[in-house]
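Take a look at the letters that make up each chain.
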Amino acid sequence: MNRTLDLIGRDKELFNGDISEYSKDLEGIVSQSQFLVIGGARLIGQAVTKEIFKRSPKRLHIDDINEIVMDFLVERVDNKALF
């Protein structure tokens, strides 16, 4: 991650402070909510999905137009490699 931060000229991630400060609130809201992530098998979609999944949502649906990428995502979830 440090290499990425160096590339964009930052020394820390943008929302780390907010996520730390409000983590209990986030977990409470997410655990009572349902989500649909469109494009969820792609790079940004996987990052969003991973953050939602970490907080035990009531329901999480992931959709993507690319079936091959979705199959890969499902395989990674089944093997617990993604989360």
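Structure's up top.
Now for a quick tour of the structure. Starting from 1, residues in each chain are numbered consecutively following that chain's sequence as written. Given that this is a predicted model, residues contribute local features only at a pLDDT of at least 70 and side-chain atom pairs are listed and counted only at 80 or more, while totals for whole chains, interfaces and linings are drawn from all residues. Heavy atoms throughout the structure, all of them, feed into the side-chain values; hydrogens and water do not.

1. Here we look at the pairing of strand β2 (residues 59-63)
1) Next: Two strands qualify as a pair provided that DSSP identifies no fewer than 2 bridges between them. Segments assigned H or I by DSSP are reported as helices when at least four residues long, segments assigned E as strands when at least two residues long, and all are numbered from the N terminus. Pairing geometry for strand β1 (residues 34-38) and β2, over five bridges, is parallel. By the bridge assignment for β2, Val-37 is matched with Ile-62.
2) Next: Note on handedness: a crossover is taken as right-handed if, strands pointing away from the viewer, the path from the first strand over the helix to the second is clockwise. Taking the sense of rotation as the criterion, the β-α-β connection linking β1, helix α4 (residues 43-54) and β2 turns out right-handed.

2. Describing the side chain of Arg-55
1) Next: Take Arg-55: it is sitting in the loop between α4 and β2.
2) Next: Looking at Arg-55, the relative accessible area reads 14%, which means it is buried.
3) Next: Whether two residues touch is decided by their heavy atoms; if any such pair falls within 4.5 Å, the residues are in contact. Each residue touching Arg-55, except ones within four places of it in the same chain, is listed here: Ile-19, Leu-26, Glu-27, Val-30 and Ser-31. Burial status follows relative accessibility: with a 1.4 Å probe on protein chains alone, a residue under 20% of its type maximum counts as buried, one over 50% as exposed, and anything between as partly exposed.

3. A word on the environment of Ile-38
1) Next: Inspection of the secondary structure puts Ile-38 in strand β1.
2) Next: Along the chain, Ile-38 and Thr-49 lie 11 residues apart, while their C-alpha atoms are 9.8 Å from each other.

4. Some points on unusual backbone geometry
1) Next: Positive phi, close to 50 degrees, is recorded for Ser-56, a residue that is not glycine.
2) Next: Structurally, the position occupied by Ser-56 is in the loop between α4 and β2.

5. Overview of the pattern of salt bridges
1) Next: Take a side-chain nitrogen of Lys or Arg and a carboxyl oxygen of Asp or Glu: if they are within 4 Å of each other, that pair is a salt bridge. Summed over the entire model, instances satisfying the criterion amount to three salt bridges.
2) Next: A salt bridge links Asp-64 to Arg-42, with the shortest nitrogen-to-oxygen separation between them at 3.1 Å. With Asp-64 in the loop between β2 and α5 (67-78) and Arg-42 in the loop between β1 and α4, this residue pair connects regions lying 22 residues apart in the sequence.
3) Next: A salt bridge links Glu-51 to Arg-55; the nearest nitrogen and oxygen atoms lie 3.0 Å apart.

6. Regarding α5
Because an α-helix completes one turn every 3.6 residues, residues spaced three or four positions apart along the sequence face the same direction.
1) Next: Helix span is expected to be 1.5 Å times the residue number reduced by one. The end-to-end C-alpha distance of α5, which contains 12 residues, comes to 16 Å, matching closely the 16 Å that a straight helix rising 1.5 Å per residue would cover.
2) Next: A 3.5 Å cut-off defines polar contacts: any pair of N or O atoms within that distance qualifies, except that in protein one atom must be a possible hydrogen donor and the other a possible acceptor, and neighbouring residues in sequence count only when both atoms are side-chain atoms. By the N-cap criterion, in which a side-chain oxygen at the helix start approaches the backbone nitrogen of a residue two or three places on, α5 is capped by Asn-66, the distance to Ile-68 being 3.0 Å.

7. Digging into α4
1) Next: Compared with an ideal rise of 1.5 Å per residue, which puts 12 residues at 16 Å, α4 spans 17 Å between its outermost C-alpha atoms and is within 8% of the ideal.
2) Next: Along α4, the residues that are buried comprise Gly-45, Gln-46, Thr-49 and Ile-52. Viewed along the axis of α4, the buried residues span an arc of 130 degrees, placing them on a single side of the element. Facing away from the buried surface of α4 by more than 90 degrees, the exposed residues are Leu-43, Ile-44 and Lys-54.
3) Next: Next to the buried residues of α4 lie α3 (23-31), β1, β2 and α5.
4) Next: Among the residues trailing α4, Ser-56 stands out with phi positive, at a value near 50 degrees. The directions considered for the arc are those from the helix axis to the C-beta atoms.

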